[in-house]
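Structural characterization, general
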Amino acid sequence: MADLSPRLLPRIDPVHSYRQQPIGPVRENDAMPAPLITIAEARKRVLDAAQPLGTERVAIADAHDRVLAADVTATGDVPPFPCSAMDGYAVIDGAAGRILTVVGESRAGTPSATALADGGAIRISTGGAIPDGATAVIAQENVEARDGSIVTQTDVAAGDHVRGAGEDMRSGETVLRAGMTLGAAELGAAVSAGAAELTVYRRPRVQVLATGDELRAPGEPLGPGEIHNSNGPMLDALADAEGALVGTAQRLPDDRAATVAGLASALDAADVVIVSGGVSVGPHDHVKPALAGLGVEEVFWRVALQPGKPTWFGRRGNVLVFGLPGNPVSAVVTFSLFVRPALAALQGRTEEPLLEPEAVLGAAVRRNPDREQAVRVRLERRNGKLVATPNGPQGSHIVTSLLGADALAFIPAGEGELEAGAAVALERLPR
Ligand code: AMP
Ligand code: MG
């Protein structure tokens, strides 16, 4: 993961130095909260705000996993010339039993200087250009080689073992479309098509800020009431996996001035700011008022989702800001549902739908009367059916429920239970 922290953010003082400040009233948090919106509506508002960033040209060697921003067309035929699919002899088609004089050789990269005439054969390697006059290739295992000549042992038809020019790509043909993610196959096709550089979307710069007086760095000994900051590294990894340029996550104490300072630097340096924690309605939740003071316009707050109800989203110009709940499972689920699609859209990435977007529940799940649930599930095939089984206890603090989870399954809001065997929609869970 790229460490961009010095460029993205000045170092923020350790959490402790802010501890002694008095707690003032947080009036902005006292207002009547807006009604919950659905996951679909929240995602629509995120995608409306996430327009593709600019583009840049990169060498093929630097283009892996980037998103193509301009179609790639073949600059010539591929293969560029008719060539042999076998090691053998270029010949004129004809019956078995002919004695042909070997008059030259066509190797890959070095075509034969001589053309072929009746009664002749030219030694040829796989990839060697078909010499003028030849109509086919006979494989070397189908001839008897003598001194300076061969005896054909099979009939040869015109075109045998010949790869035609343009069989793979035709000159001018569109080979890759904008929006594709460049994997190994796409890079190979781009090179074959004649490209040396590709136009790709810029990678979004992401800064994660983990709020909470209780947070300690990985491995740091814990004092009373303290926990380790698991969200910082998790959110960094998730953003990195989505193609973002990620600055190392910073910690912010639950203090207004420090929250404002940390957010201000992040807003100036990043395309996407992800804040974890501090977006609920407690007296120490400073994120929303701090963002309001910095001119970040709220697009929504609170989604009818479990886990992830306090999710906040806003923007300042083209900078997108996500306030994710502090509970680690909520942070991962809301990243998956809202931040991931935004990072994809900023890079112009067209989403690959899941091969199987539906499964049947492997065990009953109690519904939430007001909120849709995104349950971490394991997937397995039983009697031809894809079965989604909740991956252990689903509390929003149970990080281990993310281990080995294959997908999110959605349980609509309602009374009672959704019974085992019921159909559920699936979405991929990023890793
Ligand atoms: P908050 O959203 O700030 O109210 O936090 C909700 C819960 O998540 C609390 O139990 C926090 O201690 C916990 N939490 C907040 N931030 C983190 C973090 N970065 N890593 C792990 N747990 C966190
Ligand atoms: Mg907190």
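As the structure is a computational prediction, the values presented were derived from the model and not from experiment. (Residues numbered from 1 in each chain as written. Chains lettered and ligands numbered in written order. Predicted model: local features only at pLDDT ≥ 70, side-chain atom pairs only at ≥ 80, totals over all residues. Heavy atoms only, no water.)

**Side note on the overall build of the protein**
In terms of helices and strands, the protein carries seven helices and 28 strands. Taking all 431 residues of the protein together, 47% fall into the buried category. Across the protein, every contact between residues at least 6 apart in sequence was considered, and the portion connecting residues at least 24 apart equals 72%. Carbon and sulfur atoms make up 52% of the accessible area of the protein, which amounts to about 19900 Å² in all. (Helix = DSSP H or I, 4+ residues; strand = E, 2+ residues; numbered from the N terminus. Buried < 20%, exposed > 50% of the residue type's maximum accessible area, 1.4 Å probe, protein only. Contact = heavy atoms within 4.5 Å. Areas by Shrake-Rupley, 256 points an atom, 1.4 Å probe, with all protein chains shown as cover.)

**Some details on the nonpolar core**
One finds I274, L320, F322, F335, F338 and L343 to be the most contacted residues of the largest nonpolar core, which totals 42 residues. Elements with a contribution of two residues or more to this core: α2 (39-49), β13 (205-211), α4 (231-241), β16 (245-252), β17 (272-276), β21 (319-324), α7 (328-346) and β26 (407-411). Looking at this core element by element, the count peaks at 12 residues for α7. By size, the runner-up hydrophobic cluster in this structure holds 18 residues, among which are L252, W301, V319 and V321. (Core = buried A, V, L, I, M, F, W, Y, C linked by side-chain atoms within 4.5 Å.)

**Topic: the sheet that holds strand β8 (residues 143-146)**
What the six strands build is an open sheet, ordered β7-β4-β6-β5-β9-β8; its pairing is mixed. Either end of the sheet is taken by a strand with one partner, and the two such strands are β7 (136-139) and β8. Neighbour-to-neighbour, the strand axes of the sheet open up by a mean angle of 40°, direction not taken into account. Two elements, β8 and strand β9 (residues 149-152), share four bridges in a ladder whose sense is antiparallel. Bridge assignment links V143 to a residue of β9, and that residue is T152. (Pairing = 2+ DSSP bridges. Axes fitted to C-alpha atoms, helices over the stretch in contact; angles between N-to-C directions.)

**Quick word on helix α5 (residues 256-269)**
The terminal C-alpha atoms of α5, which comprises 14 residues, lie 20 Å apart, in line with the 20 Å expected from a rise of 1.5 Å per residue. Taken together, the buried positions of α5 are occupied by A258, T259, G262, L263, S265, A266, L267 and A269. Where α5 starts, the residue carrying a side-chain oxygen 3.1 Å from the main-chain nitrogen of A257 turns out to be D255. (Expected span 1.5 Å × (residues − 1). Polar contact = N/O pair within 3.5 Å; in protein donor to acceptor, adjacent residues only side chain to side chain.)

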